[in-house]
Amino acid sequence: MRSVLLLSLPAVLTVTACGDSAPLSLASATHGQSRVVRFVAFGDAGQATQGGPTVQTAVGEAMAEVCAARGCDFALELGDNFYLSGVTSTADSQWQTKFEQPYAALKIPVFATLGNHDNSQGPGEGSANSRGNVQVAYHSAAENVSKKWNMPARYYRFTAPLSSQGNDFVINIPAGYPALPPVAGEPLVEFFSLDSSPLTSIVADPDPRWSHLTYGPTQLQWFQQGLMNSRARWKIAFAHHPYISNGLHGNAGNYDGVDPNLPGTSNGRPWKEFLEDSACAMGLDFFMAGHDHHIEWLTPTASCNDKTQFIISGTAEQPRGFGDANRNPVYYQKANVLAFFWFEFREEEMTGAAYIVDSNTLKLETHPDGSPRADFERTFARQP
């Protein structure tokens with residue numbers, strides 16, 4: 001049965017095109033008087049191919065270059081963190097080969113969410129959700145020596161600029177990162193990491209704890225309550241599975257061409273309804289996902305309040321083509337490239353930029369002076 005929205009709705013914001021903004025340093029972005037939040041977003045990075053270590057490291061180093069040039073407070077990792085079937089313990093060697101080593105140059109906190117491959121016994125069917133709990137355990141495990149990985153729960157929230165107070169967990173920060181200060185007043189941005197896997201699995205998990213009929217409503221109530229209570233100027237959710245996509249998997253409710261009227265979760269219908277009863281109904285600003293291995297910035301759609309903007313950044317290691325490049329309108333999209341997004345949020349505007357890593361040289365595309373060159377950049381103003 002479809003969940004019913006019970007919470008009162010906040011005022012809906014809109015965004016329009018505007019001009020560019022100049023970058024600040026990490027220190028001023030985090031600790032200065034001018035509030036600004038910057039981060040990179042990448043996904044589907046856990047070495048699905050034999051060339052994975054080299055490619056994954058190249059993208060990690062490219063993100064570090066952009067962060068050095070434009071400033072980054074943290075990164076979002078958008079699921080499928082460990083191909084093909086997640087990790088089995090906090091001492092699993094994949095933590096080193098598929099996270100710590102490839103992102104050694106990225107000296108910022110990484111806030112991660114779970115994907116279908118992270119919750120699988122085989123190649124991404126999503127039938128072993130308990131396996132995802134290992135990634136939660138690594139957040140506070142002794143093996144997390146770098147203190148870079150952040151996943152305190154299967155779904156969680158945090159505010160930015162990052163603070164030592166105001167969150168439900170202690171944020172891990174790597175060596176050399178500025179100490180997190182207490183931040184008074186309302187946050188600039190609130191992030192909600194969502195767990196989409198139990199609502200989208202191709203093969204049902206035999207453990208009743210992960211049934212979408214019970215797990216979905218519990219998470220939905222948490223998310224609705226969080227959106228209703230949020231005092232942040234901007235609200236962003238991130239998860240692995242998209243709401244809309246021009247990729248091979250397609251739109252939620254009809255994933256991989258599966259009939260939306262069929263029961264179960266393989267078509268993503270429970271996930272579609274989850275998002276429509278929360279993010280869409282309550283005016284989320286941005287929803288960021290992976291799953292499809294390309295890069296997209298999709299326009300708002302009438303089915304989701306004509307306000308929420310959709311980001312797909314799932315090509316940090318194994319790029320591929322579109323399913324239907326014209327399925328949904330976009331501001332920007334590119335397939336068959338290694339890429340990631342960089343974002344900056346200020347009080348009244350945000351800027352997003354897409355960066356490409358050349359598949360042949362494994363180097364970041366640059367200007368003649370050697371500085372990182374964005375393949376696409378757009379700024380939106382926040383309207384009251």
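Draft legend 1. Focus on unusual backbone geometry. Along the chain, Tyr 83 connects to Leu 84 via a cis peptide bond; the corresponding omega equals 0°. Along the chain, Leu 84 falls in the loop between strand 3 (74–77) and helix 3 (94–100). The omega angle of the peptide bond from Ala 160 to Pro 161 is 5°, so this bond is cis rather than trans. The residue Pro 161 is located in the loop between strand 6 (156–160) and strand 7 (189–193) in this model. Notably, Lys 147 is not glycine yet its phi reads approximately 55°, a positive angle.

Draft legend 2. Representation of the packing of aromatic side chains in the model. Following the criterion strictly, the structure yields 42 aromatic pairs and no others. Look at Tyr 156 and Phe 158: their rings are 6.5 Å apart centre to centre, the planes differ by 25°, and that puts the pair in the stacked class. Take Tyr 156: its relative accessible area is 4%, and that puts it in the buried class.

Draft legend 3. Helix 2 (residues 52–70), seen in detail. With 19 residues, helix 2 ought to run about 27 Å at 1.5 Å a step, and its terminal C-alpha atoms sit 27 Å apart, in line with that. Those residues of helix 2 that fall on the buried side of the exposure criterion are Gly 52, Val 55, Gln 56, Ala 58, Val 59, Gly 60, Ala 62, Met 63, Ala 64, Val 66, Cys 67 and Arg 70. A positive backbone phi angle near 90° is found at Gly 71, which sits one or two residues after helix 2.

Draft legend 4. Focus on the pattern of salt bridges. A full pass over the atoms with the stated rule returns 16 salt bridges. When the shortest N-O distance is used, the salt bridge between Glu 190 and Arg 157 registers 2.4 Å. Taken as a pair, Glu 190 in strand 7 and Arg 157 in strand 6 lie far apart in primary sequence, 33 residues in all. Pair check on accessibility: Glu 190 and Arg 157 agree, each one buried. Between Glu 344 and Arg 346 there is a salt bridge, with the nearest N and O atoms lying 3.1 Å from each other. The pair Glu 344 / Arg 346 is uniform in exposure class, with both members buried.

Draft legend 5. Highlighting the state of the cysteines. By the definition in use, this model includes two disulfides. Each sulfur in the disulfide pair Cys 280 and Cys 304 lies 2.0 Å from the other. Taking the sign of the torsion about the S-S bond as the criterion, the disulfide between Cys 280 and Cys 304, at about -95°, is left-handed. With Cys 280 in helix 6 (residues 269–280) and Cys 304 in the loop between strand 10 (295–298) and strand 11 (309–313), this residue pair connects regions lying 24 residues apart in the sequence. Disulfide partners in the chain, listed by the sequence order of the bonded cysteines, are 1-2, 3-4.

Draft legend 6. Geometry of the sheet that holds strand 6. Taken together, seven strands build an open sheet; the order of strands is 6-7-8-9-11-10-12 and the sheet is mixed. Pairing within the sheet leaves two strands with one partner each, and these edge strands are strand 6 and strand 12 (330–334). Across the sheet, the mean angle from the axis of one strand to that of its neighbour is 15°, orientation sign disregarded. Where helix 5 (residues 212–229) meets the sheet, its contacts fall on strand 6, strand 7 and strand 8 (234–238), and the angle it forms with strand 7 comes to roughly 180°.

Draft legend 7. Expanded view of the pairing of strand 11. The element strand 11 is extensively covered by neighbouring structure, given that five of its five residues are classed as buried. Neither face of strand 11 is left uncovered, since the one carrying Gln 309, Ile 311 and Ser 313 and the one carrying Phe 310 and Ile 312 both have all their residues buried. Where strand 9 (residues 286–289) and strand 11 come together, four bridges link them in parallel fashion. Across the sheet, the residue bridging to Ala 289 is Ile 312, located in strand 11. Here strand 10 pairs with strand 11 via four bridges, running antiparallel. Bridge pairing in strand 11 links Leu 298 to Phe 310.

Draft legend 8. Structural view of the side chain of Asn 167. Locating Asn 167 in the fold gives a position in the loop between strand 6 and strand 7. Residue Asn 167 is classed as buried on the basis of its relative accessible area, which comes to 16%. At 3.0 Å, the side chain of Asn 167 forms a polar contact with the backbone nitrogen of Thr 159. Apart from residues lying up to four places away in sequence, Asn 167 is in contact with Arg 157, Phe 158 and Thr 159.

Draft legend 9. Molecular detail of the pairing of strand 10. Alternating positions in strand 10 separate into two faces, Ile 295 and Trp 297 on one and Glu 296 and Leu 298 on the other, with burial throughout. With four bridges joining them, strand 10 and strand 12 adopt antiparallel strand pairing. Across the sheet, residue Leu 298 finds its bridge partner in strand 12, namely Val 330.

Draft legend 10. Region of the structure containing the side chain of Asn 172. Among the structural elements, Asn 172 can be located in the loop between strand 6 and strand 7. At a separation of 2.8 Å, a polar atom in the side chain of Asn 172 contacts the main-chain carbonyl oxygen of His 139. For Asn 172, the side chain forms a polar contact with the main-chain oxygen of Trp 149, separated by 2.9 Å. Discounting residues that sit within four places of it in the chain, Asn 172 has contacts with Pro 109, His 139, Asn 144, Lys 147, Trp 149 and Asn 150.

Draft legend 11. Region of the structure containing the environment of Ala 179. Along the chain, the position of Ala 179 falls in the loop between strand 6 and strand 7. The spacing of Ala 179 and Ser 164 is 15 residues in sequence and 8.3 Å in space, taken between C-alpha atoms.

Definitions and cut-offs
Residues numbered from 1 in each chain as written. Predicted model: local features only at pLDDT ≥ 70, side-chain atom pairs only at ≥ 80, totals over all residues. Heavy atoms only, no water. Helix = DSSP H or I, 4+ residues; strand = E, 2+ residues; numbered from the N terminus. Phe/Tyr/Trp six-rings, centres within 6.5 Å; stacked < 30°, edge-to-face > 60°. Buried < 20%, exposed > 50% of the residue type's maximum accessible area, 1.4 Å probe, protein only. Expected span 1.5 Å × (residues − 1). Salt bridge = Lys/Arg side-chain N within 4 Å of Asp/Glu carboxyl O. Disulfide = S-S within 2.5 Å. Pairing = 2+ DSSP bridges. Axes fitted to C-alpha atoms, helices over the stretch in contact; angles between N-to-C directions. Contact = heavy atoms within 4.5 Å. Polar contact = N/O pair within 3.5 Å; in protein donor to acceptor, adjacent residues only side chain to side chain.

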